[in-house]
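What follows is the residue order along each chain.
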Amino acid sequence: MSRERAKLVVGNWKMHGRIKDNAALLTEVAAGASALQNEVSVGVCVPCPYLAQSQALLAGSVVRWGVQDVSAHAQGAYTGEVAAEMAADFGVTYAIVGHSERRAYHRESPELVAAKARRALDAGLTPIVCIGETLDERESDATEQVIGGQLDAVLLVLSEEEAARIVIAYEPVWAIGTGKSATAEQAQSVHAFVRAKLVEKGAAVASVPVLYGGSVKPENAQELFGQRDIDGGLIGGASLKSKDFLAICQAARTALQ
Ligand code: PEP
């Protein structure tokens, strides 16, 4: 049984998109999401070059937009990086931090991810902090140790009031882009562990949304979102097709009923 509160579904486009294709996708998502009323909040995290386009097409709609990473620094000689304040100039709501692709390919440490989360908050953005274990870690029974460590690093640098403004996304690395989702039971078990750690941080943090990500599709979304501690999803591949993404958003609404 899920908790009786609004769900959140956020798309992560990763490094996909082109101006001409984005226009149709953004317009269709905005039109479809308007029917979800207040029960499901919808967001899309796009590549930075498309922030202006997203702002132009989504402003005035119910869909919020975001970035997929921010720098840990406020500004300065950091070639290629994008500051949270710069993203904020484009009306951004969400900043994904600590995605497993960044942890793996860019060797981002838990401390760096924590610094990025803090920068996003300072700029008025909502960090979506990704945590998750690899297959090796799961098979050696280290899941809670790994994601506990990733979560602790972020909670350590935030006050209770700040921590209450983040979003967590549990994304098992072995489920991302593989077509092999965690089962609803596997996901719920980790989400319950995450929830307990949030509760420990303070009463205000207990209701931080905890999203599931990893091969969510229209076919498995409702069962996943129906779990007690799963507050929605972070959607990769399926967020690139408006029909699939909107079906997942609709599944979040159905899971509430
Ligand atoms: C992601 O990249 O955050 C993700 C969940 O990807 P996918 O849905 O494609 O597994």
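Calculation criteria
Residues numbered from 1 in each chain as written. Predicted model: local features only at pLDDT ≥ 70, side-chain atom pairs only at ≥ 80, totals over all residues. Heavy atoms only, no water. UniProt positions renumbered as here; feature names shortened; annotations may be inferred. Buried < 20%, exposed > 50% of the residue type's maximum accessible area, 1.4 Å probe, protein only. Helix = DSSP H or I, 4+ residues; strand = E, 2+ residues; numbered from the N terminus. Pairing = 2+ DSSP bridges. Right-handed = clockwise from strand over helix to strand, strands pointing away.

- Under an unreviewed UniProt entry, the name given to the protein is Triosephosphate isomerase, and the source organism is Caballeronia concitans.
- Note on the protein: under the UniProt heading Subcellular location (unreviewed entry), the record states "Cytoplasm".
- According to the UniProt record, the Catalytic activity (unreviewed entry) comment for the protein reads "D-glyceraldehyde 3-phosphate = dihydroxyacetone phosphate".

Quick look at the pairing of strand β8 (residues 232–235)
Point 1. Residues of β8 alternate between two faces, with Gly232 and Leu234 on one and Gly233 and Ile235 on the opposite face, all of them buried.
Point 2. Two elements, strand β1 (residues 7–12) and β8, share 4 bridges in a ladder whose sense is parallel. Residue pairing in the sheet places Val10 in a bridge with Leu234 of β8.
Point 3. Where strand β7 (residues 210–213) and β8 come together, 2 bridges link them in parallel fashion.

Examining the pairing of β7
Point 1. On β7, burial covers both faces: Val210 and Tyr212 on one face and Leu211 and Gly213 on the other are all buried.
Point 2. Both strand β6 (residues 167–170) and β7 contribute to a ladder of 3 bridges, which runs parallel. Across the sheet, the residue bridging to Ala169 is Leu211, located in β7.
Point 3. Handedness of the β6-helix α9 (residues 184–201)-β7 crossover: right-handed.
Point 4. One crossover worth recording links β7 to the parallel β8 by way of helix α10 (residues 218–225), and it is right-handed.

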